[in-house]
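A look at the structure
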Amino acid sequence: MTPAVVIPGFVTPAATAGAAAPDLVTTAAENTTSLIQSVDWLAIAPPVVVAAMALIVLVTDLFLPDRRKPLLGALTIAGLVAALALLVPLRDGDRSTFCLDAAATGPGSAGACSYTADHFALVIQALVLGGALLTALLSLGDTRKLPAGEFWFLLLSSASGAALLPAARDLATLVVALEVASLPAFALVGIKRGDRRSSEAALKFFLSSVVATAVMLLGVSFVYAATGTLHLTEIASRLDDVPGQLDTLAKAGVALTLVGFAFKTAAAPFHFWVPDTYIGAPLPVAAYLSVVGKAVGFSGLILVTVIAFPAYADVWGPALAVLAALTMTIGNVAALRQNAGRARSAVRLLAWSSVAQAGYLLVPIAAAAYSSDEHIGSTVAYALMYAVVNLGAFAVAALVARTSPGNRLTDYRGLYATRPLAALAMAFFLLCLAGLPPGIIGLFAKVTVFSAAVDAGLGWLAVVMAVNVVIALYYYLQWTATLFRAPEVAPEETPAAVLEETSALDAVRVPTRHGVPASLTVAIALTAAAGVVLSGAPQAVLRFAAVSLF
């Protein structure tokens with residue numbers, strides 16, 4: 001073996017490589033470590049559990065015989081209850097994950113996170129998961145006519161996206177969560193196979209939503225081009241110092257992004273899909289869209305306006321104020337004009353009522369542009385009240401639909417004589433929506449929203465809201481009075497012309513007292529109990545209007 005020759009003062013390449021190798025390995029290891037993001041599994045547990053349960057339901061459906069399909073509904077409810085329970089250890093609202101590291105991205109981006117479980121996220125997650133749970137209870141008795149496996153999978157998939165969205169803190173996560181919540185909803189609307197009205201509603205919902213999403217993505221791309229980042233907090237800091245040549249691009253991006261979320265919230269003039277979609281969808285799905293779908297839209301709107309775009313409050317503030325006035329006015333006037341004898345007029349009225357309620361929910365967001373971000377709490381408090389009582393109203397509508405599939409407003413006449421407890425619950429829900437005692441929580445929630453507008457100097461918007469509240473009193477009280485009127489006595493002979501106009505749905509009415517699932521009764525009882533508790537202790541939700549949720 002030839003001995004190695006060492007020349008003084010000369011370092012061989014092999015020796016250089018050998019000496020540098022440990023340093024290179026150390027540097028590479030450090031860089032790799034800096035690029036790896038730690039995951040707070042407890043923070044992301046609620047949406048992850050719902051998504052995992054959706055996959056379990058999908059796979060389980062493949063191996064269950066038809067007679068065991070009700071087990072899928074039980075699995076769905078168990079998953080939603082587990083997700084709600086996982087919110088309890090997060091109640092401090094101080095957890096974030098998927099955060100940027102300054103060593104990997106450079107100074108100035110440290111602290112920006114893609115997922116934050118703050119108080120705002122936790123409250124909205126509780127709302128959407130609770131809404132999905134009540135929707136599941138409403139659906140337990142109806143899935144026999146629907147493909148059970150697909151229905152429960154789609155419901156859980158949509159709920160997982162809805163639970164992810166309020167915690168999203170970058171535009172990419174926000175858009176993905178929004179679409180995960182929306183895409184299964186399209187299928188849920190059209191899940192009644194062979195039903196022309198359901199298919200038409202799903203197509204309208206899908207096409208209009210796709211257009212809105214395309215507009216929103218265009219706006220997001222403009223914002224990214226102007227700021228060079230997708231994180232909401234980083235966007236806010238960089239929009240304060242946008243170069244002059246990019247200012248118009250940034251403003252266009254802000255406006256287009258708001259258009260996309262305005263569609264999701266059913267704000268006028270992007271509300272046209274609501275009545276047909278609610279009528280064509282199964283009633284539990286309509287209830288889900290009216291509460292969870294609306295919560296998703298408003299959560300996204302709050303995040304982009306208050307966190308990402310405060311520098312352009314002069315752009316979105318007046319725009320949202322005008323949208324709020326238009327939305328509540330169009331919704332109430334359209335609800336006022338409903339024909340009580342028209343098929344599905346009850347669901348149609350609830351649809352237009354939800355449009356009007358969206359206008360009230362927009363008021364505190366618009367007010368935040370003129371004063372403090374704490375006004376956002378008024379929207380959250382109002383949304384919690386609305387979710388409880390609106391789901392309750394849809395639950396009673398589902399009960400009436402079992403005996404009167406036409407679901408006309410006239411079908412509710414004399415409900416107190418046949419189902420007194422259901423009639424009392426429905427009257428309570430309607431009075432809460434109207435803002436009248438004994439629906440104290442509805443009254444206080446409206447006063448909170450009204451105060452937000454006045455404190456922000458939007459006196460004209462407060463006047464418009466007051467006028468619309470008076471308009472809404474008419475149709476809410478008219479429906480309430482119908483519940484306690486004496487039932488109509490059927491005439492001995494029915495003219496042939498009337499028989500021809502009678503819907504085929506009415507020909508298959510079932511006896512009034514039969515076939516009510518226990519889960520439907522539980523849903524009505526839960527929403528009524530929650531409404532009574534909130535009316536007795538309104539501070540439970542109104543406290544959100546007085547604190548900062550971020």
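Residues numbered from 1 in each chain as written. Predicted model: local features only at pLDDT ≥ 70, side-chain atom pairs only at ≥ 80, totals over all residues. Heavy atoms only, no water.

To continue, consider the overall build of the protein chain. Looking only at helices and strands, the protein chain has 22 helices and two strands in total. Taking all 550 residues of the protein chain together, the buried fraction comes to 54%. Counting only contacts in the protein chain whose residues sit at least 6 apart along the sequence, the fraction spanning at least 24 positions is 80%. Carbon together with sulfur atoms contributes 67% to the accessible area of the protein chain, which is approximately 23,100 Å² in total. (Helix = DSSP H or I, 4+ residues; strand = E, 2+ residues; numbered from the N terminus. Buried < 20%, exposed > 50% of the residue type's maximum accessible area, 1.4 Å probe, protein only. Contact = heavy atoms within 4.5 Å. Areas by Shrake-Rupley, 256 points an atom, 1.4 Å probe, with all protein chains shown as cover.)

Running from N to C, helix 14 (residues 345-368) and helix 18 (residues 440-455) cross one another at 40 degrees; their axes reach a closest spacing of 8 Å. Here helix 14 lies oblique to helix 18, going by the angle between them. As helix 14 packs across helix 18, the resulting crossing turns out to be left-handed. Along the contact surface, helix 14 presents Gln357, Tyr360, Val363, Pro364 and Ala367, while helix 18 presents Lys446, Val449, Ala452 and Ala453. The class makeup of the residues in the contact of helix 14 with helix 18 is seven nonpolar, one polar and one charged. (Axes fitted to C-alpha atoms, helices over the stretch in contact; angles between N-to-C directions. Parallel < 35°, antiparallel > 145°, perpendicular 65-115°, else oblique. Left-handed = near helix turned anticlockwise from the far one by under 90°. Nonpolar A, V, L, I, M, F, W, Y, C, P; charged D, E, K, R; others polar.)

A word on the packing of aromatic side chains. Overall, the coordinates contain 11 aromatic pairs when judged by the stated rule. Relative to tryptophan 273, the ring of phenylalanine 205 lies with its centre 4.9 Å away and its plane at 15 degrees, an arrangement referred to as stacked. With a gap of 68 residues between them, phenylalanine 205 in helix 8 (residues 196-227) and tryptophan 273 in the loop between helix 10 (244-264) and helix 11 (274-280) connect regions that are remote in the sequence. The same class applies to phenylalanine 205 and to tryptophan 273, which are both buried. Relative to tryptophan 273, the ring of phenylalanine 263 lies with its centre 5.2 Å away and its plane at 40 degrees, an arrangement referred to as tilted. With phenylalanine 263 in helix 10 and tryptophan 273 in the loop between helix 10 and helix 11, this pair connects stretches of sequence that are 10 residues apart. Each residue in the set Phe186, Phe205, Phe206, Phe263 and Trp273 is aromatic and connected to the rest through ring pairs, giving one cluster. (Phe/Tyr/Trp six-rings, centres within 6.5 Å; stacked < 30°, edge-to-face > 60°.)

Where burial is concerned, most of strand 2 (residues 113-117) is hidden: five out of the five residues are buried. Note: strand 1 (residues 95-99) against strand 2, four bridges, orientation antiparallel. Looking across to strand 2, one finds that cysteine 99 is bridged to cysteine 113. (Pairing = 2+ DSSP bridges.)

A full pass over the atoms with the stated rule returns 10 salt bridges. Between aspartate 195 and lysine 192 there is a salt bridge whose closest N-O contact spans 3.7 Å. When its relative accessible area of 24% is taken as the criterion, aspartate 195 is described as partly exposed. Note that lysine 204 is salt-bridged to glutamate 200, the shortest N-O span being 3.2 Å. Residue lysine 204 and its partner glutamate 200 are both found in helix 8; the two are separated by four residues, about one turn of the helix. Lysine 204 gets classed as partly exposed once you look at its relative accessible area, which sits at 34%. Each of Arg196, Glu200, Lys204 and Asp276 takes part in salt bridges that share partners, so that together they form one network. (Salt bridge = Lys/Arg side-chain N within 4 Å of Asp/Glu carboxyl O.)

Once that is clear, we can look at a nonpolar patch on the surface. A cluster of nonpolar side chains, Leu55, Leu58, Val59, Leu62 and Phe63, forms an exposed patch at the surface whose accessible area comes to about 550 Å². On the basis of relative accessible area, valine 59 is assigned to the partly exposed category, the value being 47%. (Patch = residues over 30% accessible without salt bridge, like charges linked within 9 Å, V, L, I, M, F, W, Y side chains within 5 Å.)

So, on to helix 21 (residues 518-536). Since the α-helix packs 3.6 residues into each turn, any two residues three or four apart lie on the same face. Here helix 21 is 19 residues long and its end C-alpha atoms lie 27 Å apart, about the 27 Å a rise of 1.5 Å per residue gives. Every buried residue belonging to helix 21 is among Ser519, Leu520, Ala523, Ile524, Thr527, Ala528, Gly531, Leu534 and Ser535, and all of these are buried. Looking at the buried side of helix 21, the elements it contacts are helix 5 (119-139), helix 15 (376-401), helix 17 (420-434), helix 18 and helix 22 (539-542). (Expected span 1.5 Å × (residues − 1).)

Our focus in this paragraph is the nonpolar core. Ranked by size, the top nonpolar core spans 185 residues in total, and within it Leu80, Val128, Tyr278, Phe309, Trp316, Tyr412 and Trp479 carry the most contacts. Among the elements that make up this core, the one with the highest residue count is helix 15 (20 residues). When residues no more than four places from it in sequence are discounted, the contact partners of tryptophan 316 are Val254, Leu258, Thr305, Phe309, Pro310, Ile365, Ala368 and Ala369. (Core = buried A, V, L, I, M, F, W, Y, C linked by side-chain atoms within 4.5 Å.)

It is worth spelling out the confidence of the model for the protein chain at this point. Across the protein chain, pLDDT averages 85, with 85% of residues at or above 70. Contacts for the low-pLDDT stretch residues 1-22, under 50 throughout, to residues beyond four places or in other chains number one contact. Note that pLDDT drops below 50 for residues 24-34; the model gives that stretch three contacts with residues more than four away or on any other chain. (pLDDT = per-residue confidence, 0-100.)

This part covers the environment of leucine 430. If you trace the backbone, leucine 430 turns up in helix 17. The class of leucine 430 is buried, set by a relative accessible area of 0%. Considered as a pair, leucine 430 and threonine 480 are 50 residues apart in the sequence and their alpha carbons are 6.8 Å apart. Ignoring any residue separated from it by four or fewer positions in sequence, one finds leucine 430 in contact with Tyr476, Trp479 and Thr480.

Our next topic: the side chain of serine 299. Relative to the elements of secondary structure, serine 299 occurs in helix 12 (residues 283-308). The class of serine 299 is buried, set by a relative accessible area of 2%. With sequence-adjacent residues up to four places away left out, serine 299 is seen in contact with Phe120, Ile124, Leu165 and Pro166.

Let us now look at unusual backbone geometry. The peptide bond linking alanine 268 to proline 269 adopts the cis configuration, its omega dihedral lying at 0 degrees. Considering the arrangement of structural elements, one finds proline 269 in the loop between helix 10 and helix 11. A cis amide bond links proline 437 to the next residue, proline 438, at an omega of 5 degrees. The topology assignment puts proline 438 in the loop between helix 17 and helix 18.

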